[in-house]
Amino acid sequence: MALLHFIPPSSSSLTHQPSINPTVVNPSLLNPFYKPFPLPQSRRFQRLSSLRCSASSFPEKHRADPAKSDDVVELPLFPLPLVLFPGSVLPLQIFEFRYRIMMHTLLHTDLRFGVIYSDPESGTASVGCVGEIVRHERLTDDRFFLICKGQERFRVTSIVRTKPYLVAEVNWLEDRPSGDEDLEGLANEVESCMKDVIRLSNRLNGKPEKEAHDLRRNLFSTPFSFFVGSTFEGAPREQQALLELEDTAARLRREKETLRNTLNYLSAASAVKDVFPSS
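Residues numbered from 1 in each chain as written. Predicted model: local features only at pLDDT ≥ 70, side-chain atom pairs only at ≥ 80, totals over all residues. Heavy atoms only, no water.

## Some thoughts on the overall build of the protein
Thought 1: If you tally the helices and strands in the protein, you get six helices and eight strands.
Thought 2: When its helices and strands are written in sequence order, the protein yields β-β-α-β-β-α-β-β-β-β-α-α-α-α.
Thought 3: In the protein, which comprises 279 residues, the share counted as buried stands at 49%.
Thought 4: Nonlocal contacts in the protein, meaning residues at least 24 apart in sequence, comprise 72% of its contacts between residues at least 6 apart.
Thought 5: Of the roughly 13700 Å² of accessible surface on the protein, a fraction of 51% belongs to carbon and sulfur atoms. (Helix = DSSP H or I, 4+ residues; strand = E, 2+ residues; numbered from the N terminus. Buried < 20%, exposed > 50% of the residue type's maximum accessible area, 1.4 Å probe, protein only. Contact = heavy atoms within 4.5 Å. Areas by Shrake-Rupley, 256 points an atom, 1.4 Å probe, with all protein chains shown as cover.)

As structure tokens, then:
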């Protein structure tokens with residue numbers, strides 16, 4: 001698949017910047033063809049990442065009861081150069097000795113940890129997403145392959161310890177009510193923009209311009225907004241800003257602007273291709 005240019009909103013239109021860095025995200029990649037990663041039938045995974053984490057101290061009661069926004073719990077954190085959204089599926093590999101020890105602990109407790117975005121330039125974010133291990137495989141050399149699924153979001157309130165692994169106290173994040181906002185209308189507009197991006201991308205790549213059907217897959221507005229954010233692969237700082245928003249309408253509006261900017265870019269590229277077919 002050819003790479004698309006991701007065109008984020010301009011700085012003047014941004015009402016929220018990620019907690020890690022207040023600068024505008026540079027243009028990167030957009031992947032409008034995102035599909036949840038299928039549970040593999042073999043040991044081959046498409047994305048392998050080393051982890052930084054700690055032994056789980058997530059209370060037993062929070063595995064059975066729904067998370068409440070005012071709950072404060074201890075959670076082992078995985079600082080990674082990517083953003084996990086609720087509902088998204090993430091394959092990971094663990095191979096370093098200290099992290100293999102951590103995995104043995106997690107597999108005997110609640111299977112949940114915090115994935116939090118981090119990079120060398122901007123540091124570690126304060127908002128992340130719980131990843132729950134839904135499948136794992138232990139190899140003969142004691143490495144682990146994992147399939148994790150994003151659950152609820154959290155905000156770090158304090159650091160409990162940094163050694164041997166990072167553990168923090170967190171509370172849960174939930175989107176605030178959007179008032180009189182027409183969330184269904186906004187979600188439908190975002191879906192329409194996504195379809196246009198896919199159609200033009202197919203045209204530029206010499207593929208049939210087939211219309212994408214049912215991108216929402218019966219998702220309500222909030223989980224759909226997380227799904228859209230998960231497709232902006234290659235632009236983790238923009239994804240982080242979307243993850244941190246606590247308003248579904250604001251998240252959808254930002255995603256619509258991003259998709260429209262990308263659509264304008266693709267339209268211009270398509271016009272150039274029509275004039276200069278060999279370019």
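Now that the structure is up, let's keep going.
## Thoughts on the packing of aromatic side chains
The description of an aromatic ring pair uses the distance of the two centres, along with the angle that the planes make with each other.
Thought 1: For the structure on display, the rule yields three aromatic pairs.
Thought 2: Look at phenylalanine 78 and phenylalanine 113: their rings are 3.9 Å apart centre to centre, the planes differ by 45°, and that puts the pair in the tilted class. One end of the pair, phenylalanine 78, is in strand 3 (residues 72-80); the other, phenylalanine 113, is in strand 5 (residues 112-119), with 35 residues separating them in the sequence.
Thought 3: On the basis of relative accessible area, phenylalanine 78 is assigned to the buried category, the value being 0%.
Thought 4: Look at phenylalanine 113 and you get buried, because its relative accessible area is 0%.
Thought 5: A cation over a ring is seen here: arginine 216 above phenylalanine 224, with NZ or CZ 5.4 Å from the ring centre. (Phe/Tyr/Trp six-rings, centres within 6.5 Å; stacked < 30°, edge-to-face > 60°. Lys NZ or Arg CZ within 6 Å of the ring centre and 35° of its normal.)

## A word on the environment of glutamate 233
Thought 1: On the secondary structure map, glutamate 233 appears in the loop between helix 4 (221-230) and helix 5 (236-244).
Thought 2: Along the chain, glutamate 233 and valine 83 lie 150 residues apart, while their C-alpha atoms are 8.8 Å from each other.

## As for the confidence of the model for the protein
Thought 1: Overall, the prediction assigns the protein a mean pLDDT of 78, with 72% of residues at 70 or greater.
Thought 2: A low-confidence stretch, residues 1-5 stays under pLDDT 50, and its non-local contacts, those more than four residues away or across chains, total 14 contacts.
Thought 3: Scored below 50 in pLDDT, residues 20-66 makes 145 contacts in the model with residues more than four places away or belonging to other chains. (pLDDT = per-residue confidence, 0-100.)

## Digging into helix 4
Thought 1: Burial analysis of helix 4 places eight of its 10 residues in the buried class, which makes it a mostly covered element.
Thought 2: Restricting attention to buried positions, one finds in helix 4 the residues Ser221, Phe224, Ser225, Phe226, Phe227, Val228, Gly229 and Ser230.

## Digging into helix 2 (residues 97-106)
Thought 1: Taken together, the buried positions of helix 2 are Tyr99, Arg100, Met102, Met103 and Leu106. An end-on view of helix 2 places all buried positions within 155° of arc, on one side of the element.
Thought 2: Of the surrounding secondary structure, the elements contacted by the buried residues of helix 2 are strand 3, strand 4 (89-94), strand 5, strand 6 (123-138) and strand 7 (144-161). (Arc of directions from axis to C-beta.)

## Focus: the pairing of strand 3
Thought 1: Extensive coverage of strand 3 is indicated by the burial of seven of its nine residues.
Thought 2: Both strand 3 and strand 5 contribute to a ladder of four bridges, which runs parallel. The residue of strand 5 that forms the bridge with leucine 77 is glycine 114. (Pairing = 2+ DSSP bridges.)

## With respect to the packing of helix 3 (residues 183-204) against helix 4
Thought 1: Here helix 3 crosses helix 4 at 25°, and the two axes come no closer than 10 Å. Between helix 3 and helix 4, the angle is such that the two are roughly parallel. Here helix 3 runs over helix 4; the crossing is left-handed. On helix 4, the residues that touch Leu183, Glu184, Ala187, Val190, Glu191 and Met194 of helix 3 are Ser221, Phe224, Phe227 and Val228. (Axes fitted to C-alpha atoms, helices over the stretch in contact; angles between N-to-C directions. Parallel < 35°, antiparallel > 145°, perpendicular 65-115°, else oblique. Left-handed = near helix turned anticlockwise from the far one by under 90°.)

## Let's talk about the side chain of aspartate 119
Thought 1: Summarising the element assignment, aspartate 119 is placed in strand 5.
Thought 2: Within the local environment of aspartate 119, its side chain forms a polar contact with the backbone nitrogen of serine 122, the two atoms lying 2.6 Å apart. (Polar contact = N/O pair within 3.5 Å; in protein donor to acceptor, adjacent residues only side chain to side chain.)

## What to know about the nonpolar core
Thought 1: Of all hydrophobic cores here, the largest spans 28 residues; its most connected members are Phe85, Val190, Met194, Phe224, Val228, Leu252 and Leu259.
Thought 2: Residue contributions to this core peak at eight residues, all from helix 3.
Thought 3: Of all hydrophobic cores here, the second largest spans 19 residues; its members include Tyr99, Ile133, Cys148 and Tyr165. (Core = buried A, V, L, I, M, F, W, Y, C linked by side-chain atoms within 4.5 Å.)

## Examining the UniProt feature "coiled-coil region" (unreviewed entry) in the protein
Thought 1: Those places that UniProt annotates as "coiled-coil region" (unreviewed entry) correspond, in this numbering, to residues 235-269.
Thought 2: Within residues 235-269, the helical portion is 89% and the strand portion 0%, while the C-alpha atoms at the span's ends are 21 Å from each other. (UniProt positions renumbered as here; feature names shortened; annotations may be inferred.)

## Concerning the pairing of strand 7
Thought 1: Relative to strand 7, strand 4 runs antiparallel, the two being bridged by six bridges. Bridge pairing links proline 91 to isoleucine 147 in strand 7.
Thought 2: Both strand 6 and strand 7 contribute to a ladder of 10 bridges, which runs antiparallel. Looking at strand 7, one finds that glycine 131 is bridged to glycine 150.
Thought 3: From the end of strand 6 to the start of strand 7, which pair antiparallel, there are five residues, and aspartate 142 there has a positive phi angle of about 75°.
Thought 4: Note that strand 7 and strand 8 (residues 167-173) share seven bridges and pair antiparallel. In the strand pairing of strand 8, arginine 153 is matched with leucine 173.
Thought 5: Counted between consecutive antiparallel strands, the loop separating strand 7 from strand 8 contains five residues.

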